[in-house]
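# Structural characterization, general
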Amino acid sequence: MTYQVLARKWRPKVFDSVIGQEHIVTAIANSFILNKVHHAYILFGTRGVGKTTIARLFAKRLNCKSEKKSLPCGCCNICLEIDKGCFFDVIEIDAASRSKVEDTREFLDDSYYPPIVGQFKVYLIDEVHMLSRNSLNALLKVLEEPPKHVKFFLITTEQQKLPATILSRCVQFYLRPLSISQIFNQLVYIFKQENIECELSGVKLIAYFAKGSMRDALSLSEQAIIIGKNKIYHNVIKKMLGVIDIEHPLFLLESLIDDNVHAVMLRIEQCSKLNVDWDYFLSDMLMLLQKIGMIQLSNNTYDTHNDNVDDIRTFEKTRLIALSKKIVPAHVQLYYQIFLTGRKELYYAPSYRMGFEMIMLRASILLDIAKNHNSHNYICSDNSEKNSFITNMIANQGSFITFR
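Here the structure is a predicted model, which is why all the values come from computation and not from measurement. (Residues numbered from 1 in each chain as written. Predicted model: local features only at pLDDT ≥ 70, side-chain atom pairs only at ≥ 80, totals over all residues. Heavy atoms only, no water.)

## Considerations on the side chain of Lys121
Here Lys121 shows up in strand β3 (residues 121-126). Of the side chains with opposite charge, Asp89 lies nearest to the buried Lys121, which makes no salt bridge, at 5.5 Å. There is a polar contact of 3.0 Å between the side chain of Lys121 and the backbone oxygen of Asp110. Within the structure, the side chain of Lys121 is placed 3.1 Å from the backbone oxygen of Tyr113, a separation counted as a polar contact. (Helix = DSSP H or I, 4+ residues; strand = E, 2+ residues; numbered from the N terminus. Buried < 20%, exposed > 50% of the residue type's maximum accessible area, 1.4 Å probe, protein only. Lys, Arg positive; Asp, Glu negative; His and termini not counted. Salt bridge = Lys/Arg side-chain N within 4 Å of Asp/Glu carboxyl O. Polar contact = N/O pair within 3.5 Å; in protein donor to acceptor, adjacent residues only side chain to side chain.)

## Some remarks on the nonpolar core
Ranked by internal contacts, the top residues of the largest apolar core, which has 36 residues, are Phe281, Phe339, Phe356 and Met360. Among the elements of the structure, α12 (247-257), α13 (261-272), α14 (278-297), α15 (314-326), α16 (329-345) and α17 (352-371) are those that each provide at least two residues to this core. The element that contributes the greatest number of residues to this core is α14, accounting for 10 residues. Filtering out sequence-adjacent residues up to four positions away, Phe356 remains in contact with Leu252, Ile268, Trp278, Phe281, Leu282, Met285 and Leu346. Core analysis: the next-biggest nonpolar cluster, separate from the first, contains 29 residues, Phe15, Phe32, Leu62 and Ile82 among them. (Core = buried A, V, L, I, M, F, W, Y, C linked by side-chain atoms within 4.5 Å. Contact = heavy atoms within 4.5 Å.)

## Comments concerning unusual backbone geometry
In this model, Lys211 sits at a positive phi of 55°, which is unusual for a non-glycine residue. Although it is not a glycine, Asn230 sits at a positive phi angle of roughly 70°. When you line up the elements, Asn230 lands in the loop between α10 (214-227) and β7 (231-232). Taking the relative accessible area as the measure of exposure, Asn230 reaches 42% and is therefore partly exposed.

## Some remarks on the packing of aromatic side chains
Tallied over the entire structure, the rule returns 17 aromatic pairs. Taking 5.6 Å as the distance between ring centres and 20° as the angle between the ring planes, the aromatic pair formed by Tyr123 and Phe152 counts as stacked. In this pair, Tyr123 is assigned in strand β3 and Phe152 in strand β4 (residues 150-156), connecting sequence segments 29 residues apart. Chaining the aromatic ring pairs together yields one cluster made of Phe32, Tyr41, Phe58, Phe153 and Phe173. One Lys or Arg, Arg61, reaches over the ring of Phe32 and ends 5.3 Å from the middle of that ring. Above the plane of the ring of Phe251 lies Arg267, whose end atom (NZ or CZ) is 3.8 Å from the centre. (Phe/Tyr/Trp six-rings, centres within 6.5 Å; stacked < 30°, edge-to-face > 60°. Lys NZ or Arg CZ within 6 Å of the ring centre and 35° of its normal.)

The structure is reproduced here in structure tokens:
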């Protein structure tokens, strides 16, 4: 059985298929049109946004025999061989497994020999920040005075680990994380081409959890397709990712504002049986608070754009408007700050559920204090102050706490 995963099958073969990186594609095209192709490039950004793909497409154009100056044809023998990874003059090096200076010197010595078939010999060094200090120094010497027939593409997710001497000798391309809408539209297109039935709400959920990475989105899609038997179901994805209905965080906000801590703890107990993702739970609560803040800003009307996972239904909009009238904007900001800080500290709790419960208790206690004190700002700057932040808040009549 031969099956090609979606992430490999749908890897862009031409520049027109690259999504979300138009600024880089334009720069590459212009460099060929103006005949100003640099000898070394650094492509950096988060995982799965197209760094290696763009480097391969650049290598195609450097060696492609097409008459077009800016774009590779994608169908000549050279382009096809580069796609297959068997073109002699495009050498891909995994710096994570070949980090020693002996390995670096080996391929650098080979770089002085002319290309076998193509016009340029192209080196793609993946995860270049993993090279040893001596290896980077050896690479630096070649980057200073490279042979005319050699081009270097340094690919990394941690550009800050590279020395300034390397960075200063390369053209730097930053690949932005993809937006939810860009990933969503691409997934819908791919599913249509693959004849996979999908619920759009489920696809949007995958796009959200991909966190800007197209490869992560396709990997999650593979899992969802297998579980759903070649279909994308919203409920299946929610169970797969530990996502809960928006009703639960909305209920918790209502209970906190009504000072009903007992109801909050009962709902947390119910949600724990659903194997929820507590970090995502907090993310939903932050999203709801943002909407409440926007409603208050727009005088209790609901006209905010929604690029989140689930569309807020009509009766939930009504509840949000009702909440916006029960809580003052300063307390919305206090809740938002508590949940945002709690989300950062969630990973240090003995368990995620325990951490979530303590965040809810903190929100309940601090809001009670804030309601009884009319001042503006208190800053808690170290761990000792964090332990006594409630006492200090009362003493200083503060209504906001910032952890640093």
